[in-house]
Amino acid sequence: MKVCLLGDIHANFEALKAVLEYADAQRIKHYVCLGDIVGYGGSPLECIHEIQALECPVVAGNHDFAVVGYTSDDYFNPYAKDAVAWTRNQLGPEETEFLTSLPYVHHDLNDFTVVHSTLDEPEKWGYVLNFFDAEKCFKYLKSKVCFIGHSHIPLIIEKGPTTEAIYEAHYKLYPDCRYIINIGSVGQPRDGNNKACFAIFDTEELEIEIIRLDYDIAKAQAKIVDSGLPEVLADRLGVGK
Ligand code: ZN
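In short, a report on the structure.

Definitions and limits used
- Numbering of residues starts from 1 in each chain and follows the order in which that chain's sequence is written.
- Residue-level local features of this predicted model are given only where pLDDT is at least 70; pairs of side-chain atoms are given and counted only at 80 or more, and the full residue set underlies all totals for whole chains, interfaces and linings.
- The side-chain quantities take in all heavy atoms of the structure and omit both hydrogens and water.
- In this analysis an axis means a line fitted to C-alpha atoms, helices contributing only their contacting stretch, and an angle means the value between N-to-C directions, from 0 to 180 degrees.
- Helix and strand definitions here come from DSSP, where helices need a minimum of 4 consecutive H or I residues and strands a minimum of 2 consecutive E residues; each element is numbered from the N-terminal end.
- Should an angle lie under 35 degrees it is considered roughly parallel, over 145 roughly antiparallel, and from 65 to 115 roughly perpendicular; all remaining angles are considered oblique.
- Residue contacts follow a heavy-atom distance rule, with two residues in contact if any of their heavy atoms lie within 4.5 Å.
- Gly is placed with the polar residues, together with every amino acid not listed as nonpolar (Ala, Val, Leu, Ile, Met, Phe, Trp, Tyr, Cys and Pro) or charged (Asp, Glu, Lys and Arg).
- For two strands to be treated as a pair, DSSP must find no fewer than two bridges joining them.
- Ligating atoms shown are N, O and S within 2.8 Å of the metal, or 3.2 Å for Na, K and Ca, and water is not included, meaning a site may look less than complete.
- Site shape is set this way: if four donors have all angles between 85 and 135 degrees, tetrahedral; if opposite donors are over 155 degrees apart and all others between 65 and 115, square planar for four donors and octahedral for six; otherwise irregular.
- Should the near helix be turned anticlockwise from the far one by less than a right angle, the crossing is termed left-handed; should it be turned clockwise, right-handed.

**As for the packing of helix 7 (residues 217-226) against helix 8 (residues 231-239)**
Interhelical geometry of helix 7 versus helix 8 gives an angle of 170° and a closest axis separation of 8 Å. Relative to helix 8, helix 7 is oriented roughly antiparallel. Residues I217, A220, Q221, I224 and V225 of helix 7 form the contact with helix 8, whose own contacting residues are E231, L233, A234, D235, L237 and G238. When grouped by side-chain class, the residues that make up the contact of helix 7 with helix 8 number 7 nonpolar, 2 polar and 2 charged.

Structure follows, in structure tokens:
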């Protein structure tokens, strides 16, 4: 079975649409969303509705929960805070209820786990940026693979006899190893590559593909500016930072 894993969409409908069109052309039937559907971008409603239409497992991101008041935005930068306040005003009761209903973690989806931030303390929204952070996650990992988001930087961490960071776009997992895999960000990549980023996982072949796609960046930027959101949020889409 092939599963499309997508997250950190951040209300970027143009990027999301490119990803869903690609997956559809590949005849992907299974999706999992890793959270942060909203925040930063100008199309929160459209993105929520697209994800709802997939009827797939979804976990909460920190921006999703900040918008509905489930987590504090005290530590957000001023631009992110502005976007949280703006997004809150766009949502109707149904969208608010949907975001509010999201769990932190989905365990056991065909022998994999998904969480937006970390498995040890998902409600604290920490980052997995090094082996020390990864070790804490592996302790709580009950399946072979955990997919994560949050940093907006794709990365494969492999735990076998040693722990390795792997930066390959196409990788076959070893049967005896366990993995934490950051699938990057659909709507606000931060690794210096401005293309939309997501992953396709083949659960039988144990192959992971990190995919980058061009999308209409100018249109997504115009929506941010036209919404009155901080222009810096539009600029960063162009540079992928
Ligand atoms: Zn995010």
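Now that the structure is up, let's keep going.
**Quick word on the sheet that holds strand 7 (residues 163-166)**
Taken together, the 6 strands give an open sheet; going across it, the order is 3-4-5-9-6-7, and neighbouring strands pair in mixed fashion. The two strands at the open ends of the sheet, each matched to only one other strand, are strand 3 (105-106) and strand 7. Pairing geometry for strand 4 (residues 112-115) and strand 5 (residues 145-148), over 3 bridges, is parallel. Each bridged residue has a counterpart across the sheet, and for F112 the counterpart in strand 5 is V145.

**Examining the coordination of the zinc ion**
Here the zinc ion is held by the protein donor atoms D8 (OD), H10 (NE2), D36 (OD) and H152 (NE2), which lie 2.0 to 2.3 Å from it. Taken together, the 4 donor atoms coordinating the zinc ion and their angles of 86 to 177° define a geometry best described as irregular.

**Here's the deal with the packing of helix 2 (residues 44-54) against helix 5 (residues 93-100)**
Look at helix 2 against helix 5: their axes get within 11 Å of each other, and the N-to-C directions meet at 60°. If you check the angle between helix 2 and helix 5, you find them oblique. Taken as a pair, helix 2 and helix 5 cross one another with a handedness that is left-handed. Contacts between helix 2 and helix 5 involve L45, I48, H49 and Q52 on the former and, on the latter, E95, F98 and L99.

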